[in-house]
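Chains, contacts and geometry: an overview
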Amino acid sequence: MEHPRYGQPNALPPRVQNAISKVMTACADGLAHPVRQALAGLREEMPLMIGNPMAMKREIIVFAHCKQLSIHCGEVLPTLLECIEHELIAIRDHGHGPQQADLWSSSESWTLADAGDDVAPPQAEGIGQVTNQCKLPLYLLGQRFGVLAGTPAFDADRIPVGPRRLIRALEEASRRVFGDDFPHMLVTDAVACALFHDYPALVNRINKELEGASILPGLTFIPSLKRAATLERPAIADMPAAVAMLATTPAQDAAGWFEQPGHDPRDRFADARSAPDFAHARSLLARAKGPMPRPSGAHVQLPPHIVSEMLDSLSAHDANGRPLGIRHLHDELKARAKSMHGGNAQLSQQQSDSIELLGMLYDAVSHDMRAQSGAAELLRRLQIPLLRMALSGEEFFEQPTHPGRQIMSRVAESGAIIADEADADPQFDAALAHAVGRVEQEYRGDGAILENIHQELTDAHQAHAQRSEAVERHQVEASRGQECITIARDAAQALLDGKLAGMTLRPQIELLIRTAWKDALTFIRLRHDDHSALWQRHERLTGRMLQVVSATDAIEDIDLRDSIFEILKRTGYHSDEANEVAETLSRSASLPRPGARMSMTELVTVIRARPRFGGSSKTLQLAEDMPEPRNAREEECYRQLRTLPFGCWLDFVINQQGEVRRRRLSWYSRITGNALLVNRRGARVAEMQLDQLARLMATGQVRVARKHEMGLLDRAWTSTLGTLESLGKLFARPTAVAS
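Rules of the game
Residues numbered from 1 in each chain as written. Predicted model: local features only at pLDDT ≥ 70, side-chain atom pairs only at ≥ 80, totals over all residues. Heavy atoms only, no water. Helix = DSSP H or I, 4+ residues; strand = E, 2+ residues; numbered from the N terminus. Buried < 20%, exposed > 50% of the residue type's maximum accessible area, 1.4 Å probe, protein only. Contact = heavy atoms within 4.5 Å. Areas by Shrake-Rupley, 256 points an atom, 1.4 Å probe, with all protein chains shown as cover. Pairing = 2+ DSSP bridges. Axes fitted to C-alpha atoms, helices over the stretch in contact; angles between N-to-C directions. Salt bridge = Lys/Arg side-chain N within 4 Å of Asp/Glu carboxyl O. Expected span 1.5 Å × (residues − 1). Bend = angle between axes of the 7 residues up to and from the residue. pLDDT = per-residue confidence, 0-100. Phe/Tyr/Trp six-rings, centres within 6.5 Å; stacked < 30°, edge-to-face > 60°. Lys NZ or Arg CZ within 6 Å of the ring centre and 35° of its normal.

Turning to the overall build of the protein chain, a few remarks are in order. Assigned secondary structure in the protein chain consists of 28 helices and seven strands. Taking all 739 residues of the protein chain together, 46% fall into the buried category. Taking contacts inside the protein chain between residues at least 6 apart in sequence as the whole, the part at least 24 apart equals 73%. Approximately 36,900 Å² of the protein chain is accessible, and the part contributed by carbon and sulfur atoms is 53%.

With that settled, the discussion passes to the environment of V678. Within the secondary structure, V678 is located in strand β5 (residues 674-678). On the basis of relative accessible area, V678 is assigned to the buried category, the value being 0%. When the C-alpha atoms of V678 and L665 are compared, they prove to be 6.8 Å apart, with 13 residues separating the residues in sequence. For V678, the contacting residues outside a window of four places in its chain are W257, E472, R663, R664, S666, A683, R684 and V685.

Strand order in the open sheet made by the five strands is β6-β5-β4-β3-β7, with antiparallel pairing throughout. Looking along the sheet, the strands with just one partner apiece sit at the ends: β6 (684-689) and β7 (702-704). For this sheet, the mean angle separating the axes of adjacent strands, direction not counted, is 35 degrees. Alignment of strand β3 (residues 648-653) against strand β4 (residues 660-668), held across six bridges, turns out to be antiparallel. Residue pairing across strands places C648 opposite L665, the latter belonging to β4. Running at roughly 55 degrees to β4, helix α19 (residues 447-500) makes contact with β4, β5 and β6 of the sheet. Contacts from helix α27 (residues 690-698) reach β3, β4, β5, β6 and β7, with the element oriented near 90 degrees to β6.

Now for the pattern of salt bridges. Inspection of the entire model under this criterion finds 37 salt bridges. Between R327 and D363 there is a salt bridge; the shortest N-O distance is 2.3 Å. Of the two residues, R327 is situated in helix α12 (residues 326-341) and D363 in helix α13 (residues 349-367); the sequence distance between them amounts to 36 residues. The exposure class assigned to R327 is partly exposed, which follows from its relative accessible area of 48%. Taking the relative accessible area as the measure of exposure, D363 reaches 37% and is therefore partly exposed. Between R662 and D651 there is a salt bridge; the shortest N-O distance is 2.6 Å. Of this pair, R662 sits in strand β4 while D651 is found in strand β3, placing the two residues eleven residues apart along the sequence. By sharing partners, the salt bridges in this structure join E556, R561, D562, E583 and R587 into a single network.

Turning to the side chain of S414, a few remarks are in order. For S414, the position within the fold is in helix α17 (residues 403-414). Not counting chain neighbours up to four residues away, the residues in contact with S414 comprise R370, A375, D429 and L432.

So, on to helix α7 (residues 184-212). Here α7 contains 29 residues, and its C-alpha end-to-end distance of 37 Å is more than 12% below the 42 Å for a straight helix at 1.5 Å per residue. In α7, a bend of some 55 degrees at D198 exceeds every other bend along the element, and P200, a proline, comes one to four places later. Positioned one or two residues after α7, S214 has a phi angle of 65 degrees, which is positive.

For the protein chain, mean pLDDT is 79; residues scoring 70 or higher make up 80% of the total. Ignoring residues within four places in sequence, the model shows residues 95-118, a span with pLDDT below 50, making 35 contacts including any to other chains. Predicted confidence for residues 735-739 stays below pLDDT 50, and this span has zero contacts to residues more than four positions away or in other chains.

The subject of this paragraph is the environment of K67. For K67, the position within the fold is in helix α2 (residues 63-72). Each C-alpha atom of the pair K67 and P47 lies 9.6 Å from the other, and the pair is 20 residues apart in sequence.

A separate point is the packing of aromatic side chains. Enumeration over the complete set of coordinates arrives at seven aromatic pairs. Plain terms: the ring middles of W257 and W649 are 5.5 Å apart, the flat faces sit at 90 degrees to each other, and that makes the pair edge-to-face. Of the two residues, W257 is situated in the loop between α8 (239-245) and α9 (270-274) and W649 in strand β3; the sequence distance between them amounts to 392 residues. For the pair W257 and W649, one class covers both residues: buried. For the pair F646 and Y668, a centre-to-centre distance of 5.0 Å together with 90 degrees between the ring planes defines the contact as edge-to-face. Note that F646 is positioned in the loop between α26 (632-641) and β3 and Y668 in strand β4, a separation of 22 residues in sequence. Judged on exposure class, the residue F646 and its partner Y668 are both buried. Through successive ring pairs, a cluster of aromatic residues spans W257, F258 and W649. For R610, the ring lying beneath its charged end belongs to Y573, and the centroid distance is 3.9 Å. If you follow R630 out to its NZ or CZ, it ends over the ring of Y638, 3.8 Å from the centre.

Quick look at the structure:
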């Protein structure tokens with residue numbers, strides 16, 4: 001399909017014009033199906049809404065509206081594309097770019113309420129969901145649009161093809177096509193629902209088009225400033241230093257994101273176990289087999305090139321299509337040698353030992369993988385190439401960095417039992433399948449080809465680590481934000497406890513102070529330390545408030561009422577609620593509240609039912625539900641957890657069968673004990689308390705993953721050698737008894 005050329009403004013450089021044209025082409029392709037599908041469905045549903053008060057969506061629908069939709073629905077898509085094109089053409093106009101917040105603005109103007117344009121609740125919810133779903137692609141798109149506009153990066157709400165801007169363009173297109181009297185909410189809701197379903201594919205397509213136009217090619221993750229690790233931790237009492245500490249985490253290279261950080265003294269002998277000498281492995285295998293009968297007659301050992309030709313003729317499946325194991329392939333190889341080259345033809349002893357060792361290693365690896373995972377099938381497809389690698393020399397067994405061994409390891413790790421389906425990364429899984437396909441088709445013993453495939457897979461694994469790190473970073477920042485709120489709430493609680501000590505107030509008044517006013521103090525303390533002028537001002541306001549509400553005389557403080565009203569509104573309270581609370585807390589109990597819209601009981605009920613600012617953290621509830629003091633073993637585990645570096649991998653036993661899931665301890669706080677756990681994709685899987693983790697560790701349900709046991713292939717090789725050694729001792733025992 002040939003697309004029209006969009007966006008040819010004379011004021012823009014040719015490179016920007018070309019990029020805008022590519023964006024419009026992507027929009028024309030990506031928007032056509034959802035827009036037409038949504039309008040077709042609306043054309044069928046709209047007549048059923050006439051006269052139905054539940055389906056009118058706050059607007060009166062008449063037959064004329066249905067007729068308008070039928071006649072002009074074909075004009076919506078071209079008009080929508082024109083609106084998007086207008087936004088793109090004006091990308092370099094003054095004032096069109098992303099408006100940066102004034103970092104030095106007074107905190108008096110800060111508010112938790114959204115001061116942006118009004119958006120219908122269903123659309124606002126959809127915008128929020130799709131923005132969160134496409135957080136990384138939208139970030140990359142904002143970077144690229146910043147290059148096109150010659151400005152700093154755009155945020156998601158300012159990108160011309162971002163979710164919010166698309167909704168605005170859709171509303172504008174609807175008004176142009178159907179006029180002002182038409183119920184535009186119906187069109188916007190229907191198209192937005194269909195559009196958001198296909199939006200991830202659209203934003204990825206636009207990113208790809210801009211990358212093809214040489215706009216920040218190769219940008220695949222969110223860059224971050226690496227901060228120096230800080231060993232000292234602040235005391236809980238030092239609140240400003242504690243808040244500052246929350247912004248500091250040890251830096252870690254994305255390439256090692258999947259590795260266990262730090263150093264375990266028990267791992268100093270790990271290298272000897274993970275990379276043994278091939279001759280030692282063969283000797284273990286010989287002892288495990290026991291005494292072997294001497295061969296009768298002369299045998300002819302086949303040269304390597306003949307063995308390679310026989311490998312080319314092998315099939316990984318039998319006549320019935322069932323997959324064959326390495327032992328069956330070994331038997332098939334020996335049978336073909338005899339049938340093709342005579343009864344005395346055979347593999348060399350080293351070749352046979354290599355295949356047997358590979359078979360044991362393969363079985364040990366498969367035992368630690370999910371049987372039904374896609375990685376298990378990829379590993380089965382690798383059997384014949386792995387045979388070729390093992391027969392080509394002893395490097396496959398002795399060198400952990402052997403490219404074939406690394407490819408096998410990557411495939412095995414992607415389907416390991418310690419991970420679940422949610423840990424899978426679709427992009428990396430596609431790279432694994434591509435690499436395995438190339439090994440099957442191209443590798444015939446050429447080490448350069450194998451190294452090239454390994455390098456491609458290493459690059460894909462690096463990108464996987466970068467994506468996981470980027471997702472994790474968002475989760476850590478959210479946890480830090482919650483931690484800051486917790487610290488602010490503790491400071492507000494401490495202030496109120498100190499002020500209320502020794503005072504006797506009416507229960508309703510004290511409840512308002514410990515709920516609504518505590519929320520206000522938390523909001524202020526969140527942005528200012530206890531030495532700031534604004535915090536000290538609110539400390540004085542608290543003192544004045546308590547002085548007024550506890551007075552025996554009839555007192556009303558108008559300035560105090562206005563101050564309480566303003567800060568409660570900035571904290572997120574509705575005007576009516578803020579006004580009622582301000583009226584109550586700015587006058588003495590003996591003075592009635594004139595013009596009150598609700599009684600004191602009703603006001604207290606409403607405020608008590610309101611969610612507390614920063615008080616919804618699950619970890620706070622866990623902290624409150626924790627049992628009484630830890631025993632000696634739990635205390636030892638607790639101290640160990642507090643010394644672990646961020647990014648440490650933990651193994652969780654999830655059932656009585658001993659199945660394990662590996663999770664990353666991305667971040668924790670020594671102040672409140674909150675701990676964040678993510679999976680291999682960086683997604684949050686749990687938010688726990690260090691105390692809870694310590695109790696699980698004391699019972700053996702949680703353990704720190706050993707650094708030398710992180711790799712599935714290394715664990716399998718160690719297990720294989722252990723099995724051979726045990727079998728060798730078993731065969732040697734009767735001889736020792738006889739002697």
